[in-house]
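Overview (structure and organization)
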Amino acid sequence: MEFVSNTRSANSSFVEMLWHTHSDHADTFTSVAASNWEMVIATVNGETRITARGPETKASQADSPAASEFFGITFKLGTFMPHLPVKTLVDRQDMTLPEASSNSFWLYGSAWELPTFDNADVFIDRLIRQGILVRDPVVEATIQGHMPDLSIRSLQNHFLQATGLTYKTIQQIERAHTAVSLLEQGTPIFDTTFELGYFDQAHLTNSLKRFIGKTPAQIAQKSVVE
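Here, residues in each chain are numbered from 1, in the same order as that chain's written sequence. Per-residue local features of the predicted model are confined to residues with pLDDT of at least 70, and side-chain atom pairs are confined, for both listing and counting, to 80 or more; whole-chain, interface and lining totals are unaffected and use all residues. Side-chain descriptors were evaluated using all non-hydrogen atoms of the structure, hydrogens and water having been removed beforehand.

Points about the packing of aromatic side chains
Basically, it comes down to this: Between rings of Phe, Tyr and Trp, where Trp is taken as its six-membered ring, a pair exists when centres lie within 6.5 Å; planes separated by under 30 degrees are stacked, by over 60 edge-to-face, and by other angles tilted. Helix numbering and strand numbering both begin at the N terminus, where a helix is a DSSP run of H or I of at least 4 residues and a strand a DSSP run of E of at least 2. Only protein chains enter the accessibility calculation, which uses a 1.4 Å probe. A residue is then buried if its area is under 20% of the maximum for its type, exposed if over 50%, and partly exposed in between. By definition here, charges over rings are those cases where NZ of Lys or CZ of Arg is within 6 Å of the ring centre and within 35 degrees of the ring normal.
In this structure the tally under the stated criterion is 6 aromatic pairs. Ring geometry for tryptophan 112 against phenylalanine 123: centres 5.8 Å apart, planes inclined by 85°, an arrangement best described as edge-to-face. Of this pair, tryptophan 112 sits in strand E12 (residues 110-113) while phenylalanine 123 sits in helix H1 (residues 120-129), and the two are 11 residues apart along the sequence. Taken individually, tryptophan 112 and phenylalanine 123 each receive the classification buried, so the pair is uniform in this respect. An aromatic cluster is defined as three or more aromatic residues linked by ring pairs; in this entry it consists of Phe105, Trp112 and Phe123. The side chain of arginine 8 reaches across the aromatic face of phenylalanine 117, ending 5.3 Å from its centre. Over the face of the ring belonging to tryptophan 112 we find arginine 126, whose NZ or CZ atom lies 3.8 Å from the ring centre.

Here's what the structure looks like:
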């Protein structure tokens, strides 16, 4: 897969990162599990569309068209749009927002100019000022390790509304990504297993196959080759 990409941080605390990529040839790739939702602007065959892409709870194969370009805004956990339930977008149930013109789209009853990688901060600020993009302080506090005084059911309702996922699922996905980082850094599989609290190596293997689409050995071997 010939991806050329770059990322940058945003000026807003609502956003995890901004990314931009393009591919020269049509191909398939493994889309790994991800806890965050995104807005993605894709240009394929001269046509540009903006899509709300939800979190993914498992690795899956995805297609990338030839000569395609993508720009994305990845939102921090706890950031959401109340009129656009994130839980309806989970696992590739993406929503393409309706086109208003060749360079604008409809959102919450108004036409919005398509943002770019360079001017995305202006777009994000406008969403926040108009109350379209908000964040849940309960989710934010929990992610930071400050458990609120709420019932388990109430806490899960906050997570489902703001992230589309349960807190447990987010923890599992994030732990799998941490395992990948350790393995890529050369940490032995045995040490990775117990450092991150997996029951045994089989537990780690099942987790990575589900969320990343690879076994620990495949990830470790790739780091050795590189």
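Observations concerning the nonpolar core
What counts here: Put simply, buried Ala, Val, Leu, Ile, Met, Phe, Trp, Tyr and Cys residues joined by side-chain atoms within 4.5 Å make one nonpolar core. In what follows, residue pairs with any heavy atoms lying within 4.5 Å of each other are defined as contacts.
Within the largest apolar cluster, 54 residues are counted, with the highest numbers of intra-cluster contacts made by Trp37, Ile73, Met81 and Leu208. Top contributing element to this core by residue count: helix H4 (residues 167-184), with 8 residues. Residues in contact with methionine 81, not counting those within four places in the same chain, are Trp37, Met39, Leu107, Leu127, Ile132 and Leu133.

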